[in-house]
Amino acid sequence: MLRLSNKVALITGGTSGIGAATAILFAKEGAKVAITGRNEKRGQEITSQIRDSGGNAFFVRTDVSKADDCRRAVEQTLTTFGRLDVLFNNAGVFYAHTTLDCTEEEWDQQIDINLKGTFLMSKYALPSMIAQGNGVIINNSSGWGLVGGDAAIAYCASKGGVVLLTKAMAVDHGRQGIRVNCICPGDVDTPMLPEDAAFRGMKWEDYAAGAANRPMGRVGTADEIAKAVLFLASDDSSFMTGAALVVDGGGTAD
């Protein structure tokens, strides 16, 4: 049996990396999928790939830091598919800086997209979920939302906020039939890793060797994280809410 049969999912940041992998996997598991992002070309490519494989998907260009964009993304999902069962707040950005060299602009952008965007999308998705008496929200935090990371103050602050936002929403909405959990990935083979290496002025070979310095000896894949998101979205996790699920190859355990 397909684990998301007859479900509707909305995935932010669904144009690449973890978001794209999750959208494709959700569609394979029977969900109708709406994805958001700021890159129209990539959004259309991912939704076309899903439709070509027999799935049902559409893209809506969205900046999750803007309330009107978030409201529109939810409204278009409800108009197109008639309901909303799963929201995956995945959109995020990262700039490598310490307190001394982080600019106010970069601080604001990471807080606005990573944390405020999660709040705004949830704010507009919750009413329809509450009305139907059930729903699942999954937030993408990070291992660095649980422990500190080097030269990543705004990112750590935003992702730590996502963890406690998740727990607070789980407390507020559990009795309304809404489960809210988050995933905390470690380093994952997505476009963000080489971008971070370049931002830090590191050779990719040196960066990749450091990223793989964990108990499992490698970085994760987007597909591996997508499977964890699927677990939280499905009834397999029916007694879980307010949890921060770590998927990091043992990075935070070392």
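Throughout, residues of each chain are indexed from 1 in the direction in which the sequence is written. Under the rules for a predicted model, residues below a pLDDT of 70 receive no local features and side-chain atom pairs below 80 are neither given nor counted, while totals for whole chains, interfaces and linings still include all residues. Side-chain figures throughout are based on the complete set of non-hydrogen atoms in the structure, without hydrogens or water.

J.: Would you mind showing me how to read the overall build of the chain here?
T.: Each helix and strand counted, the chain has eight helices and seven strands in total. Here the C-alpha atoms of the chain give a radius of gyration of 17 Å, agreeing with the 18 Å that 2.2 N^0.38 yields for 254 residues. Summary of the burial criterion: residues with accessible area below 20% of their type's maximum are buried, those above 50% are exposed, and those between are partly exposed, where the area comes from a 1.4 Å probe applied to protein chains only. Counting all 254 residues of the chain, 49% fall into the buried class. The contact criterion used is simple: two residues touch if any of their non-hydrogen atoms lie within 4.5 Å. Long-range pairs, those at least 24 residues apart, make up 71% of the contacts in the chain between residues at least 6 apart in sequence. Note on areas: Shrake-Rupley, 1.4 Å probe, and residue coverage restricted to the protein chains presented here. Counting only carbon and sulfur atoms, one obtains 52% of the accessible surface of the chain, whose full area is about 11700 Å². Secondary structure elements are defined from DSSP: runs of H or I of at least 4 residues count as helices, runs of E of at least 2 residues count as strands, and each element is numbered from the N terminus. We compute the radius of gyration from the C-alpha atoms alone; for a globule the expected value is 2.2 Å times N to the 0.38, where N is the number of residues.

J.: Just to check I follow, could you spell out the pattern of salt bridges for this structure?
T.: Opposite charge on two side chains permits pairing when their charged atoms draw close. Salt bridge criterion: a side-chain nitrogen from Lys or Arg within 4 Å of a carboxyl oxygen from Asp or Glu. A full pass over the atoms with the stated rule returns nine salt bridges. The closest approach of N and O atoms between Arg214 and Asp187, which form a salt bridge, is 3.0 Å. Residue Arg214 is located in the loop between helix H7 (204-211) and helix H8 (222-233), and its partner Asp187 is located in the loop between strand S6 (178-185) and helix H6 (192-199); the two are separated by 27 residues in the primary sequence. Take Asp187: its relative accessible area is 29%, and that puts it in the partly exposed class. Arg218 is the salt-bridge partner of Glu224, the closest N and O atoms lying 2.7 Å from each other.

J.: Would you explain H8 in this entry?
T.: For H8, which comprises twelve residues, the first-to-last C-alpha distance of 16 Å matches the rise-based estimate of 16 Å (1.5 Å per residue) to within 8%. All of the buried residues in H8 are Ala222, Ile225, Ala226, Ala228, Val229, Leu230, Leu232 and Ala233. Summarising the contacts, the buried residues of H8 are in contact with helix H1 (17-28), strand S4 (86-89), strand S5 (135-140), S6 and strand S7 (244-247). Given the number of residues in a helix, its expected span is that number minus one, multiplied by 1.5 Å.

J.: In this structure, what is going on with the packing of helix H4 (residues 104-132) against helix H5 (residues 153-173)? I would like to understand it.
T.: For any two helices packed against each other, one specifies the inter-axial angle together with the distance between the axes. Axes, fitted as lines to C-alpha atoms, cover a helix only where it is in contact. Angles between the N-to-C directions of the axes lie from 0 to 180 degrees. With their axes 8 Å apart at the nearest point, H4 and H5 run at an angle of 15 degrees to one another. With respect to H5, the element H4 is oriented roughly parallel. The way H4 lies across H5 gives a crossing that is right-handed. Facing Trp107, Gln110, Ile111, Asn114, Leu115, Thr118, Phe119, Ser122, Leu126 and Ile130 of H4, the residues of H5 in contact are Ile153, Ala154, Tyr155, Ala157, Ser158, Lys159, Gly161, Val162, Leu165, Met169 and His173. Should an angle fall under 35 degrees it is called roughly parallel, over 145 degrees roughly antiparallel, and 65 to 115 degrees roughly perpendicular, with every other angle called oblique. Definitions for this section: a left-handed crossing has its near helix turned counterclockwise from the far helix by less than a right angle. A right-handed crossing has that turn clockwise.

J.: Help me out: how do you make sense of the nonpolar core in this one?
T.: As a rule of thumb, nonpolar side chains are buried together in soluble globular proteins. In terms of nonpolar packing, the biggest core is built from 30 residues, with Phe26, Val33 and Ile138 touching the most fellow members. Mapped by element, the contributors of at least two residues to this core are strand S1 (8-11), H1, strand S2 (32-37), helix H2 (40-52), strand S3 (56-61), S4, S5 and H8. Not counting chain neighbours up to four residues away, the residues in contact with Val33 comprise Ala9, Ile11, Ala23, Phe26, Ala27, Asn56, Ala57, Phe58 and Phe81. Phe58, Val60, Val64 and Val180 belong to the second-largest nonpolar core, a separate cluster that totals 27 residues. Here the nonpolar core consists of buried residues drawn from Ala, Val, Leu, Ile, Met, Phe, Trp, Tyr and Cys, with membership extended through side-chain atoms lying within 4.5 Å.

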